[in-house]
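# Structural overview
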Amino acid sequence: MNKEEIRKKNRELRTNAPIPANEFDIRGVRFENIHNGITMEIVSHWVGDMGVILWTSNAGDIYSTRDIKAHWIMQDIEEPQGW
């Protein structure tokens, strides 16, 4: 396997990795920014080596769960217990 094949395989593994049990799956949820009112929808996720989840918005921006909790409010659904 060459380096490019290894990178591609690792990218697929991260993208298809299950969301850890202690985190909520927020794909398909719309959020509004508390500072400027901009809205976004989460379309995919990526799980890092240490279990950190990075979420991708419909605009292509990438956010950590921590950033979303600090600066965004869920629009479509009521915030789950423990969010």
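What comes next concerns the included structure. Keep in mind that this is a model prediction, so the values were computed, not measured.

### Details of the overall build of the protein chain
- When helices and strands are tallied, the protein chain shows two helices and five strands.
- Listing every helix and strand of the protein chain by position from the N terminus yields α-β-β-β-β-α-β.
- Taken along its principal axes, the extent of the C-alpha atoms in the protein chain is 45 × 25 × 20 Å.
- The buried share of the protein chain, taken over its 83 residues, is 25%.
- When the accessible area of the protein chain is evaluated, it comes to approximately 5,900 Å², of which 49% is carbon and sulfur surface.
- Counting 10 positive and 13 negative side-chain charges, the protein chain places the centres of these two groups 11 Å from one another.

### What to know about the packing of aromatic side chains
- Overall, the coordinates contain one aromatic pair when judged by the stated rule.
- Taking the centre distance of 5.5 Å and the plane angle of 70 degrees together, the rings of Tyr63 and Trp72 count as edge-to-face. The exposure classification of Tyr63 matches that of Trp72, with both residues buried.

### Looking at the environment of Glu23
- Mapped onto the secondary structure, Glu23 falls in the loop between helix 1 (3–16) and strand 1 (30–33).
- On a C-alpha basis, the gap between Glu23 and Asp49 in space is 15 Å, while along the polypeptide they are 26 residues apart.
- Among residues more than four places away in sequence, those in contact with Glu23 are Ile53 and Thr65.

### Here's the deal with helix 1
- In a regular helix each residue adds 1.5 Å, so 14 residues correspond to 20 Å; helix 1 covers 20 Å between its end C-alpha atoms and thus fits that length.
- The N-terminus of helix 1 is capped by Asn2, whose side-chain oxygen sits 3.1 Å from the backbone nitrogen of Glu4.

### Focus: the sheet that holds strand 1
- Read from one edge of the open sheet, five strands run 4-3-2-1-5, paired in antiparallel fashion. This sheet does not close on itself; its edge strands, each paired only once, are strand 4 (62–64) and strand 5 (72–74). For this sheet, the mean angle separating the axes of adjacent strands, direction not counted, is 45 degrees.
- Taken together, the five bridges between strand 2 (residues 39–47) and strand 3 (residues 53–57) define a ladder with antiparallel strand orientation. Within strand 3, the position partnered with Ser44 by the bridge is Thr56.

### A short note on the pairing of strand 2
- In this sheet, strand 2 lies alongside strand 1 in antiparallel orientation, the contact comprising three bridges. Counted as the bridge partner of Arg30 is Glu41 from strand 2.
- The hairpin formed by strand 1 and strand 2 contains five residues between the paired strands, and Gly37 there has a positive phi angle of roughly 80 degrees.
- Counting the residues in the hairpin turn of strand 2 and strand 3 gives five residues, including Gly51, whose phi is positive at 90 degrees.

What counts and what doesn't
- Sequence positions are assigned chain by chain, starting from 1 and proceeding in written order.
- Owing to the predicted nature of the model, reporting of local features is limited to residues with pLDDT of at least 70; listing and counting of side-chain atom pairs is limited to 80 or more, with chain, interface and lining totals taken over all residues.
- The basis for every side-chain value is the complete set of heavy atoms in the structure, and neither hydrogens nor water enter the calculation.
- Strands here mean DSSP runs of E at least two residues long; helices mean DSSP runs of H or I at least four residues long; both are numbered from the N terminus.
- Note on exposure labels: buried denotes an accessible area under 20% of the residue type's maximum, exposed denotes more than 50%, and partly exposed covers the range between, all computed with a 1.4 Å probe on protein chains only.
- Exposure was quantified through the Shrake-Rupley algorithm and a 1.4 Å probe, taking into account, for residues, occlusion by the shown protein chains and nothing else.
- When charges are counted, neither His nor the chain ends are considered; positive counts come from Lys and Arg and negative counts from Asp and Glu.
- A single reference atom marks each charge: NZ on Lys, CZ on Arg, CG on Asp, CD on Glu.
- Pairing of aromatic rings covers Phe, Tyr and the six-membered ring of Trp, with a centre-to-centre limit of 6.5 Å; geometry is then stacked below 30 degrees between planes, edge-to-face above 60, and tilted otherwise.
- The contact criterion used is simple: two residues touch if any of their non-hydrogen atoms lie within 4.5 Å.
- Here, expected helix span is obtained from the residue count minus one, scaled by 1.5 Å.
- Whenever two N or O atoms come within 3.5 Å, that pair is a polar contact, provided that in protein one can donate a hydrogen and the other can accept it, and provided that, for residues adjacent in sequence, both atoms are side-chain atoms.
- Paired strands, as defined in this entry, are two strands with at least two bridges between them according to DSSP.
- Comment: axis = line fitted to C-alpha atoms, over the contacting stretch for helices; angle = value between 0 and 180 degrees taken between N-to-C directions.

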